[in-house]
Number of protein chains: 2
Amino acid sequence: MSLPRIAIDAMGGDEGVRVMVEGAALARRRHDRFKFLLVGDEARIERALETHPNMRGASEILHAADVVSGDEKPTQALRRARSTSMGMAINAVKQGNAGAAVSAGNTGALMAMAKLALRTMPGIDRPALAALLPTLGDNDVIMLDLGANTECDARNLVQFAIMGAAYSRIVTGLEAPRVRLLNIGTEENKGTDQLQVAANRLRQTSGLSMQFDGFIEANGLSRGDVDVVVTDGFSGNIALKAVEGTARFVADLLRRSFQSSLRSKFGFLVSRPATDLLRTHLDPNNHNGAVFLGLNGVVVKSLGSATANGVANAVAVAARLLEERITERITADLAELGEERLRDGENNGKEI
Amino acid sequence: MSLPRIAIDAMGGDEGVRVMVEGAALARRRHDRFKFLLVGDEARIERALETHPNMRGASEILHAADVVSGDEKPTQALRRARSTSMGMAINAVKQGNAGAAVSAGNTGALMAMAKLALRTMPGIDRPALAALLPTLGDNDVIMLDLGANTECDARNLVQFAIMGAAYSRIVTGLEAPRVRLLNIGTEENKGTDQLQVAANRLRQTSGLSMQFDGFIEANGLSRGDVDVVVTDGFSGNIALKAVEGTARFVADLLRRSFQSSLRSKFGFLVSRPATDLLRTHLDPNNHNGAVFLGLNGVVVKSLGSATANGVANAVAVAARLLEERITERITADLAELGEERLRDGENNGKEI
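Summary of the structure given here. (Residues numbered from 1 in each chain as written. Chains lettered and ligands numbered in written order. Predicted model: local features only at pLDDT ≥ 70, side-chain atom pairs only at ≥ 80, totals over all residues. Heavy atoms only, no water.)

1. Quick word on the interface of chain B and chain A
For clarity, the threshold we go by: The contact rule is simple, with two residues in contact once any of their heavy atoms fall within 4.5 Å. The term buried area means the drop in 1.4 Å probe accessible area that two parts suffer when joined, counted for both and summed. Salt bridge criterion: a side-chain nitrogen from Lys or Arg within 4 Å of a carboxyl oxygen from Asp or Glu. Starting at the N terminus, helices and strands are each numbered in turn, a helix being any DSSP run of H or I of at least four residues and a strand any DSSP run of E of at least two. Only Asp, Glu, Lys and Arg are considered charged, only Ala, Val, Leu, Ile, Met, Phe, Trp, Tyr, Cys and Pro nonpolar, and every remaining residue, Gly among them, polar.
Listed by partner, the interface residues are 55 residues for chain B and 55 residues for chain A. Between chain B and chain A, the buried area comes to about 4,900 Å², and carbon and sulfur atoms account for 72% of it. When the area that chain B buries against chain A is broken down by residue, the three leading residues are Leu 136, Ile 184 and Phe 249 of chain B, summing to 14%. The residue Lys 241 of chain A makes a salt bridge to Glu 217 of chain B at a minimum N-O spacing of 2.2 Å. Every element with two or more residues in the side of chain B that touches chain A is listed here: α8 (233–258) and α9 (262–282) of chain B. Looking at the side of chain B that touches chain A, the element that brings in the most residues is α8 of chain B, giving 21 residues. The residue inventory of the side of chain B that touches chain A, partitioned by class, reads 27 nonpolar, 18 polar and 10 charged.

Here it is, written out as structure tokens:
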């Protein structure tokens, strides 16, 4: 079976065309079945392609006149979606002209455009942004939502758990990934009403393709004993950024300590392989590629600051989800469950 | 002026009496004006005191028959507050028998007991738990609320900002500490209604003893360019624990990397001073002592796992707040502002 091609928003990201095209070329060196639709300024894409002969015959250019800027409001970007590289990449997925879209541009705009063009899947009320975080265990942990929904109710959280588990089954190969809800304590009575209603529902529902283990606190995210962490987009974004910021903080402190004396500087040189190992493990490029789950199509967000290696990893995430038919899997899991049974979990429409 | 004595819940914490008494003795070695009321099992406290001659004449024992356990529900602990070491330590503050209380016990129970016995200050609706986090800058950053209130409205957030700024002025000596609200973006339209209402109020109100700088994302917590970070207790707890967990995660990764080869092991030995510096900077004991702000009295929470050094630091926090009259400072700041002007900031009672 051939893999549908992947649409690349070639204009998004801090460095734009050069890194996006280089990332796609790198992804193709790793997996030569990858094919691309490169969306953006034709002349600039053609120039970037000159140094990547392996992209010849494996990529087509779709000219887009406009670019969504990093600080543009989503509502504003939506109005000119049809002429932007981001909007046209998503539209290619909608038209079946590509199987998935990858963009390193403005997250809010990407979310808004993807939601409007692709619509949420039947049985899912809201899409969620999911990403992989490094852990001390053998597998990364999937966390969602990371910011697509500022406020969520219990029903949203249950749906996120189902989508996260489907994603985790693809990544880990586990039949029943371990799923937990992010909370401020692990006791049953902790947290908001929404969390308690969602936990009860996940505990009581049979037929879910997951092992629901209750709550997890944010200090357990990297422990490696859970596969999926479910949360509302506000808390998820706070947790994700606190993790990123602290990892950078500790690395900065370490660098500073190593520069504190001649002996330490020497120690640093000797320890180079060890600190390089640490850097590799923490490098966000090695965990790049957040995915909007719950849409009728695969849309992957690459970090704005991603290197070519990061972009290649985001492309690999998109290809994997496409190949493993994430959308069909989520649909099947929802069908198994029955719409009625999910509705029972509603908390009278009360918002957090 | 002599410092009022500090009540120590000698039974709280993972290791109980021995560490609490050792911590108090260590605090007294650092500041010999400290005096203590040691609350708990008399026989065990007396035994612990035997090895600390510097505590003689500087401490009195108040016998308490009961102990609040770590997993006890706050409501249950409240019912037997009068006979527990935690409840009696707080009551000593209420009676004027001590100036402040320090406990390493159950946080929820401590909060509930402190709130019931000491009541919130006039002009403050809810107390908040505030702690210091290490940064790359010269000063620690104060973050509040860390879990006392799962849900907060805009009015609560504004009050937390005022209390946090008062605390920061004591710690940093700054006249107008830099205050920000924790959010999932720094643009004005980001986050919940509550955050936007609180931000507008803090931006528009004159006479506040702070420099309000808008929003901060969780990846900026350790940057050192802000003195006070204000948030609801749910997000604050998530952020705090994500920071703690990640710092431990990175330290574990580093240890693992150093053990990966003989060369790395040698490098580790040579780099010892550098990694020790890192460990010292990140050791939670060196930032120990979270305080419940907004009560008619000073109550400090020490980490359950704190060492004697950690307990001594928590005692020092209590003494500092007592000496600098934190409660009077907050009262003065609120008076300056006028109750009416704060009320304007209400968001129609809508909860987050």
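2. As for the packing of helix α6 (residues 154–172) of chain B against helix α10 (residues 308–323) of chain B
A packed helix pair is summarised by two numbers, namely the angle formed by the two axes and the spacing between the axes. Residues and elements named next belong to chain B. For clarity, the threshold we go by: The axes used here are C-alpha line fits, helices contributing only the stretch in contact, and every angle between their N-to-C directions lies in the interval 0 to 180 degrees. Note on terminology: angles under 35 degrees are roughly parallel, angles over 145 are roughly antiparallel, angles of 65 to 115 are roughly perpendicular, and the others are oblique.
Two elements in contact, α6 and α10, have axes separated by 11 Å at closest approach and are oriented at 105 degrees. Relative to α10, the element α6 is oriented roughly perpendicular. On the side of α6, the interface is formed by Tyr 167, Ile 170 and Val 171, while α10 contributes Val 317, Arg 320 and Leu 321. For the contact of α6 with α10, the per-class residue count stands at five nonpolar, no polar and one charged.

3. Quick word on helix α1 (residues 17–30) of chain B
Residues and elements named next belong to chain B. Heads up, the condition is: Take the residue count of a helix, subtract one, and multiply by 1.5 Å to get its expected span. Throughout, exposure labels follow a simple rule: accessible area from a 1.4 Å probe, protein chains only, divided by the maximum for the residue type, with under 20% read as buried, over 50% as exposed, and the rest as partly exposed.
Between its terminal C-alpha atoms α1 stretches 20 Å, which fits the 20 Å expected from 14 residues at 1.5 Å a residue. The buried fraction of α1 is high, at 10 of 14 residues. By the burial criterion, the buried members of α1 are Val 17, Val 19, Met 20, Val 21, Gly 23, Ala 24, Ala 25, Leu 26, Ala 27 and Arg 28. Looking at the buried side of α1, the elements it contacts are β1 (6–9), β2 (36–40), α2 (42–49) and α10.

4. Notes on the relation of the copies chain B and chain A
Rules: Least-squares superposition of the copies uses the C-alpha atoms of those residues scoring a pLDDT of at least 70 in each of them.
Overlay of chain B on chain A (RMSD 0.1 Å): rotation 180 degrees, translation along the axis 0.0 Å. Taken together, the rotation angle and the small translation identify this as a two-fold axis. Among all residues of chain B, the one whose C-alpha sits closest to the rotation axis is Gly 267 of chain B, at a distance of 2.5 Å. With an isologous cut-off of 70% or more, the 100% of interface residues of chain B that recur at the interface of chain A puts this contact in the isologous class.

5. Observations regarding the environment of Asn 106 of chain B
Residue and element names in this part refer to chain B. Condition: Polar contacts here mean pairs of N or O atoms no more than 3.5 Å apart (in protein, one a potential hydrogen donor and the other a potential acceptor; neighbouring residues in sequence count only if both atoms are side-chain atoms).
Take Asn 106: it is sitting in the loop between β4 (100–103) and α5 (107–118). Since its relative accessible area comes to 11%, Asn 106 is described here as buried. Spatially, the C-alpha atoms of Asn 106 and Gly 13 are 8.1 Å apart, while their sequence positions differ by 93 residues. Not counting residues within four places of it along the chain, the set of residues in contact with Asn 106 comprises Val 68, Ser 69, Gly 70, Asp 71, Glu 72 and Met 86. In this structure the side chain of Asn 106 is engaged in a polar contact, spanning 3.1 Å, whose partner is the backbone oxygen of Ser 69. Here Gly 108 takes part through its backbone nitrogen, which lies 3.1 Å from a polar atom of the side chain of Asn 106.

6. Thoughts on the sheet that holds β1 of chain B
All names here are of chain B. Note the cut-off: Strands pair, by our definition, only if DSSP identifies at least two bridges between them.
Taking strand neighbours across the sheet as the criterion, the 11 strands line up as β3-β2-β1-β4-β11-β10-β5-β6-β9-β7-β8 in an open arrangement whose pairing is mixed. Since the sheet does not close on itself, it has two edges, and those belong to β3 (59–63) and β8 (211–216), each with one partner. If you compare each strand with its neighbour and ignore which way they point, the axes differ by 25 degrees on average. Here β1 runs beside β2; their pairing, made up of four bridges, is parallel. Counted as the bridge partner of Asp 9 is Val 39 from β2. Running over the sheet, α5 touches β4, β5 (128–133), β10 (290–293) and β11 (298–301) and is turned about 180 degrees from β11.

7. Remarks on the state of the cysteines
Applicable threshold: The rule for a disulfide is simple: a pair of cysteine sulfur atoms within 2.5 Å.
Taken as a whole and assessed by the stated rule, the structure comprises zero disulfides over all chains. The thiol of Cys 152 of chain A is unpaired, and the distance to the nearest cysteine sulfur, on Cys 152 of chain B, comes to 18 Å. Overall, the relative accessible area of 1% leaves Cys 152 of chain A in the buried class.

8. Focus on the packing of aromatic side chains
Residues and elements named next belong to chain A. Going by this rule: Any two of the Phe, Tyr and Trp rings considered here, Trp counted by its six-membered ring, make a pair once their centres fall within 6.5 Å; the pair's planes then place it as stacked at under 30 degrees, edge-to-face at over 60, or tilted in between.
Counting across every chain of the model gives two aromatic pairs over all chains. Both rings, one in Phe 34 and one in Phe 36, keep their centres 6.5 Å apart while their planes meet at 90 degrees; by these two values the pair is edge-to-face. Exposure remark for Phe 36: the relative accessible area of 1% places this residue in the buried category.

9. Here's the deal with the pattern of salt bridges
All names here are of chain A. A complete count under the given rule lists 26 salt bridges over all chains for this structure. A salt bridge links Asp 66 to Arg 80; its shortest N-O distance comes to 3.3 Å. Of this pair, Asp 66 sits in the loop between β3 (59–63) and α3 (74–79) while Arg 80 sits in the loop between α3 and α4 (85–94); the two residues are 14 residues apart in sequence, bridging distant segments of the chain. Arg 80 gets classed as partly exposed once you look at its relative accessible area, which sits at 27%. In this structure, Asp 333 engages Arg 169 in a salt bridge whose closest nitrogen and oxygen atoms are separated by 3.0 Å. Of this pair, Asp 333 sits in helix α11 (residues 326–337) while Arg 169 is found in helix α6 (residues 154–172), placing the two residues 164 residues apart along the sequence.

10. Some remarks on the sheet that holds strand β8 (residues 211–216) of chain A
All names here are of chain A. Ordered by their spatial adjacency, 11 strands build an open sheet running β3-β2-β1-β4-β11-β10-β5-β6-β9-β7-β8, and the pairing between neighbours is mixed. Edge positions in the sheet fall to β3 and β8, since each has one partner strand and no second. If you compare each strand with its neighbour and ignore which way they point, the axes differ by 25 degrees on average. Where helix α5 (residues 107–118) meets the sheet, its contacts fall on β4 (100–103), β5 (128–133), β10 (290–293) and β11 (298–301), and the angle it forms with β11 comes to roughly 180 degrees. Here helix α8 (residues 233–258) sits on the sheet in contact with β5, β6 (141–144) and β7 (178–182), set at roughly 135 degrees to β6.

11. Section: the packing of α4 of chain A against α5 of chain A
Residue and element names in this part refer to chain A. Put simply, the rule reads: Should the near helix be turned anticlockwise from the far one by less than a right angle, the crossing is left-handed, and should it be turned clockwise, the crossing is right-handed.
It is the contact of α4 with α5, at a shortest axis distance of 10 Å, that shows an interaxial angle of 30 degrees. The angle between the axes of α4 and α5 places the two elements in the roughly parallel class. Seen from above, α4 lies across α5 with right-handed handedness. Between α4, through Met 86, Gly 87, Ile 90, Val 93 and Lys 94, and α5, the contact on the second element is made entirely by Ala 109, Leu 110, Met 113, Ala 114, Ala 117 and Leu 118. Its residues assigned to classes, the contact of α4 with α5 shows nine nonpolar, one polar and one charged.

12. Remarks on unusual backbone geometry
For the peptide bond that leads from Leu 144 of chain A to Asp 145 of chain A, omega is -5 degrees, which places it in the cis range. Considering the arrangement of structural elements, one finds Asp 145 of chain A in the loop between β6 and α6. Positive phi is not limited to glycine here, since Arg 325 of chain B has a value of about 50 degrees. Within the fold, Arg 325 of chain B resides in the loop between α10 and α11 (326–337). By relative accessible area, which is 42% here, Arg 325 of chain B ends up partly exposed.

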